[in-house]
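Chains, contacts and geometry: an overview
Residue strings, one per chain:
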Amino acid sequence: MFAYSPAWPHGPLRAAFSEVFFVVGTNRTHHAGVDFQTSRTMTVVREGGALTLLNTVRLDETGLRELDTLGQVRHVVRLGAFHGRDDPFYCDRYGATRWALPAAVHADGRAADRVLAPGGPFPVGDGGAFVFASAKLPEAAVLLARDGGILITCDAIQNWTGVDRFFSPECGAMFTAQGLLRPANIPSTWRHACEPDVQDFRRLLERRFRHLISAHGEPLRDEAHARIEASVAAAFSTRE
């Protein structure tokens, strides 16, 4: 039977851009016999008093009160195959509409309410979905047409630049040694699992954006497009 994940330690909700907020918290997983503890980042977009949550992180009661002061949670958007564990909590607590790619498998076994698709409907007026179509597991991003363009990603592009306070010491050392703590990084772990084609990233780079908020790391301001372009060149240099 499905059970909600607990509210693990997290930081405060902070403003990032125009009507865009974020919060960094704890992520705990168990894979191949190893316990991992890293950080993860939820993005909150407000429009007319309605809140859309992307890359959900369950908040404690204090955090939920902070969230409620921003507006009413109306939508939950799942972007990555390896995320979504906290989507059911927010959908059930607030009666929120869940958006996801058609192939996404959800932790609670329920289907999404709305399909996430390029050019299709999106809960925020200036937002739209981008899909990494070649990835073996469903992965999307969102582009917001404000403040010069904001790209919101899940695992395909991460922005850990150091070990933050939500990492365990063991994971911090491991991720540092593996080169996973770099700005606008296309992580080797995600590439090995999903085997994306470079053309997906080239299509993304044709889009206009200046900033990045990933499910992993703090927001990257102003330099996102150039940083991602450099990361694409480095990640796919031996795969062309």
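Residues numbered from 1 in each chain as written. Predicted model: local features only at pLDDT ≥ 70, side-chain atom pairs only at ≥ 80, totals over all residues. Heavy atoms only, no water.

Side note on the overall build of the chain
Test applied: The secondary structure listing takes helices from DSSP runs of H or I that are at least 4 residues long and strands from runs of E that are at least 2 residues long, numbered from the N terminus. C-alpha atoms define the radius of gyration, and 2.2 Å times the number of residues to the power 0.38 defines the globule rule. Contacts between residues were defined by any pair of non-hydrogen atoms, one from each residue, lying within 4.5 Å. Note that accessible areas follow from Shrake-Rupley with a 1.4 Å probe, and for residues the cover is restricted to the protein chains shown.
Regarding its fold elements, the chain presents six helices and eleven strands. Taken over the C-alpha trace, the chain has a radius of gyration of 17 Å; the compact-globule value for 240 residues is 18 Å, and the two agree within 12%. When the backbone C-alpha atoms are referred to their principal axes, the chain occupies close to 45 × 40 × 30 Å. When contacts within the chain are restricted to residue pairs at least 6 apart in sequence, long-range pairs at least 24 apart make up 57% of them. Carbon together with sulfur atoms contributes 51% to the accessible area of the chain, which is approximately 10,600 Å² in total.

Considerations on the sheet that holds strand 3 (residues 34–47)
The condition is simple: A strand pair is defined by DSSP finding two or more bridges across the two strands. Here an angle of 0 to 180 degrees is reported between the N-to-C directions of two axes, which are lines fitted to C-alpha atoms, with helices fitted over the stretch in contact.
Taken in spatial order, the seven strands line up as 1-2-3-4-5-6-7 in an open sheet, and their pairing is mixed. Taken across any chain shown, the strands that pair with only one partner, and hence form the sheet edges, are strand 1 (14–17) and strand 7 (114–115). Where strand 5 (residues 72–77) lies against strand 6 (residues 97–100), three bridges are found, and the strand directions are parallel. Its bridge partner lying in strand 6, His 75 is registered against Thr 97. Against the sheet, helix 2 (residues 87–94) contacts strand 3, strand 4 (50–54), strand 5 and strand 6, and its axis sits at roughly 145° relative to strand 5.

Here we look at the sheet that holds strand 11 (residues 211–213)
Strand order in the open sheet formed by four strands is 8-9-10-11, and the pairing between neighbours is mixed. Lying at the two open borders of the sheet, with one neighbouring strand each, are strand 8 (127–131) and strand 11. Pairwise comparison of adjacent strand axes, ignoring direction, gives a mean angle of 25° for this sheet. Of the pairings in the sheet, the one linking strand 8 to strand 9 (residues 140–144) comprises five bridges and is antiparallel in character. Among the inter-strand pairings, Gly 128 is bridged to a residue of strand 9, identified as Leu 143.

Some remarks on the environment of Glu 139
Here is the rule: Under this definition, polar contacts are N or O atom pairs within 3.5 Å; protein pairs additionally need one hydrogen-donor-capable and one acceptor-capable atom, and for neighbouring residues in sequence, both atoms have to be side-chain atoms.
As for its placement among the helices and strands, Glu 139 is situated in the loop between strand 8 and strand 9. When the C-alpha positions of Glu 139 and Leu 79 are compared, they lie 5.7 Å apart, and in sequence the two are 60 residues distant. Not counting residues within four places of it along the chain, the set of residues in contact with Glu 139 comprises Leu 79, Gly 80, Ala 81, Leu 101, Val 131, Phe 132, Cys 154, Asp 155, Ala 156 and Trp 190. At 3.1 Å, the side chain of Glu 139 and the backbone nitrogen of Ala 156 are in polar contact.

Digging into the pattern of salt bridges
This is how it is decided: Salt bridges are defined as contacts in which a side-chain nitrogen from Lys or Arg sits within 4 Å of a carboxyl oxygen from Asp or Glu. Note on exposure labels: buried denotes an accessible area under 20% of the residue type's maximum, exposed denotes more than 50%, and partly exposed covers the range between, all computed with a 1.4 Å probe on protein chains only.
Counted under the stated rule, the structure contains eleven salt bridges. The salt bridge involving Asp 92 is made with Arg 110; its shortest N-O contact spans 3.0 Å. Separated by 18 residues along the polypeptide, Asp 92 in helix 2 and Arg 110 in the loop between strand 6 and strand 7 bring together distant segments of the chain. A salt bridge links Arg 98 to Asp 108; the nearest nitrogen and oxygen atoms lie 3.0 Å apart. Linking Arg 98 in strand 6 with Asp 108 in the loop between strand 6 and strand 7, this pair joins segments that are ten residues apart in sequence. Each member of the pair, Arg 98 as well as Asp 108, carries the same accessibility label: buried. What emerges from the salt-bridge pattern is a single network uniting Asp 92, Arg 98, Asp 108 and Arg 110.

Side note on the packing of helix 1 (residues 61–70) against helix 2
Put simply, the test is: Should an angle fall under 35 degrees it is called roughly parallel, over 145 degrees roughly antiparallel, and 65 to 115 degrees roughly perpendicular, with every other angle called oblique. Take the far helix as the reference: if the near one is turned anticlockwise from it by less than a right angle, the crossing is left-handed, and if turned clockwise, right-handed.
Viewed as axis vectors pointing N to C, helix 1 and helix 2 meet at an angle of 60°, and their least axial separation amounts to 14 Å. On the basis of the axis angle, helix 1 is oblique to helix 2. Remark: the crossing between helix 1 and helix 2 carries right-handed chirality. Here Glu 61, Leu 64, Leu 67 and Asp 68 of helix 1 lie close against helix 2, whose contacting residues are Phe 89, Tyr 90, Arg 93 and Tyr 94.

Focus on helix 1
Rule in force here: As used here, the arc belongs to the directions running from the helix axis to the C-beta atoms.
When helix 1 is considered as a whole, its buried residues turn out to be Gly 63, Leu 64, Leu 67 and Leu 70. The buried residues of helix 1 occupy an angular sector of 105° when the element is viewed end-on, so they sit on one face. The exposed residues of helix 1 that point more than 90 degrees off its buried face are Arg 65 and Thr 69. Each element contacted by the buried residues of helix 1 is listed here: strand 2 (20–31), strand 3, strand 4, strand 5 and helix 2.

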